[in-house]
Amino acid sequence: RAEDDVSADLALYEGDYADEFWEAAQLEIRTLEEMGAWEVVDRDPDTNAIGGTWAFKIKRLPDGLIKKFKARFCARGDQQLKGVDFFEVYAPVVHSLN
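Here the structure is a predicted model, which is why all the values come from computation and not from measurement.

**Focus: a nonpolar patch on the surface**
Together, I29, W38, V40 and F73 make up a nonpolar patch on the protein surface, roughly 380 Å² of accessible area in all. Within the fold, V40 resides in the loop between α2 (18-34) and β2 (52-60).

So, in structure tokens, the structure goes:
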């Protein structure tokens with residue numbers, strides 16, 4: 001359902017489910033911290049700090065009732081500069097033996 005993909009403003013500030021989406025966002029942050037997904041450091045003024053964006057979605061049961069509220073934080077990789085922020089690209093590929 002298209003209406004289940006929710007903008008950040010609607011999810012966190014204006015929507016009927018703002019409290020539920022805030023809770024989902026807090027869970028996402030805790031999960032990323034537990035996984036060691038980032039490290040807080042002092043920023044060097046000569047570095048390029050990339051931004052991030054949130055994706056919010058309502059997950060539903062087959063009968064249409066709400067199952068849960070999902071929040072995902074995504075780094076804005078499109079803001080990285082090759083040769084500055086990264087030097088090589090790695091894309092895993094699976095090869096079939098048959």
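Read on, since the account is not over.
**Some remarks on the pattern of salt bridges**
Evaluated as defined, the whole model comprises one salt bridge. Here R72 makes a salt bridge to E28, at a shortest N to O gap of 2.5 Å. Here R72 is found in strand β3 (residues 66-75), whereas its partner E28 is found in helix α2, with 44 residues between them in sequence. Residue E28 is classed as buried on the basis of its relative accessible area of 7%.

**Some points on α2**
Its 17 residues give α2 an end-to-end C-alpha distance of 24 Å, which sits within 8% of 24 Å, the value for a rise of 1.5 Å per residue. Of all the residues in α2, the buried ones are A18, F21, A24, A25, E28 and L32. Around the axis of α2, the buried residues are gathered within 120 degrees of arc, so they sit on the same side. In α2, those exposed residues whose orientation departs by more than 90 degrees from the buried face are D19, E23 and E34. Where α2 is buried, its residues contact β1 (5-6), α1 (8-14), β2 and β3.

**Some details on the packing of aromatic side chains**
Under the counting rule described, the total for this entry stands at six aromatic pairs. With 5.5 Å between their ring centres and 80 degrees between their planes, F21 and F56 make a pair best called edge-to-face. Remark: F56 occurs in strand β2 and F21 occurs in helix α2; sequence separation between them is 35 residues. For the pair formed by F21 and F56, the shared burial category is buried. Between W54 and F56, the aromatic rings sit 5.7 Å apart at their centres with planes inclined by 20 degrees, giving stacked as the arrangement. We classify F56 as buried; its relative accessible area is 3%.

**So, the sheet that holds β2**
The strand order β1-β2-β3 describes an open sheet built from three strands, whose pairing is antiparallel. Strands at the two margins of the open sheet, each flanked by one partner only, are β1 and β3. Judged from the two bridges that link them, β1 and β2 form a sheet pairing that is antiparallel. Along β2, the bridge assignment pairs D5 with K57. Of the strands in this sheet, β1, β2 and β3 touch α2, which is tilted by about 50 degrees from β3.

Analysis parameters
In every chain, residue numbers begin from 1 and rise along the written sequence. Since the coordinates come from a predicted model, pLDDT governs what is reported: local features require at least 70, and pairs of side-chain atoms require 80 or more to be given and counted, while whole-chain, interface and lining totals use all residues. With hydrogens and water stripped out, all remaining heavy atoms of the structure feed into the side-chain values. A patch consists of residues whose relative accessible area exceeds 30% and which take part in no salt bridge; residues with like charges are grouped when within 9 Å of each other, and nonpolar side chains (Val, Leu, Ile, Met, Phe, Trp, Tyr) when within 5 Å. Working definition of accessibility: Shrake-Rupley area with a 1.4 Å probe, residue cover restricted to the visible protein chains. Salt bridge, as used here, is a side-chain nitrogen of Lys or Arg placed within 4 Å of a carboxyl oxygen of Asp or Glu. Each helix corresponds to a stretch of at least 4 residues labelled H or I by DSSP, and each strand to a stretch of at least 2 residues labelled E; elements are numbered beginning at the N terminus. Exposure categories follow from relative accessible area, calculated using a 1.4 Å probe and restricted to protein chains: below 20% of the type maximum is buried, above 50% is exposed, and the middle band is partly exposed. Here a helix's expected span is defined as the number of its residues, less one, multiplied by 1.5 Å. Relevant arc is that of directions from the helix axis to the C-beta atoms, nothing else. Two residues qualify as a contact provided that any one of their heavy atoms is within 4.5 Å of a heavy atom in the partner residue. Two aromatic rings from Phe, Tyr or Trp, using only the six-membered ring of Trp, form a pair when their centres are within 6.5 Å; if the ring planes differ by under 30 degrees the pair is stacked, by over 60 it is edge-to-face, and anything between is tilted. Two strands are counted as paired when DSSP detects at least two bridges linking them. Angles here are taken between N-to-C directions and fall from 0 to 180 degrees, while the axes themselves are lines fitted to C-alpha atoms, restricted in helices to the stretch in contact.

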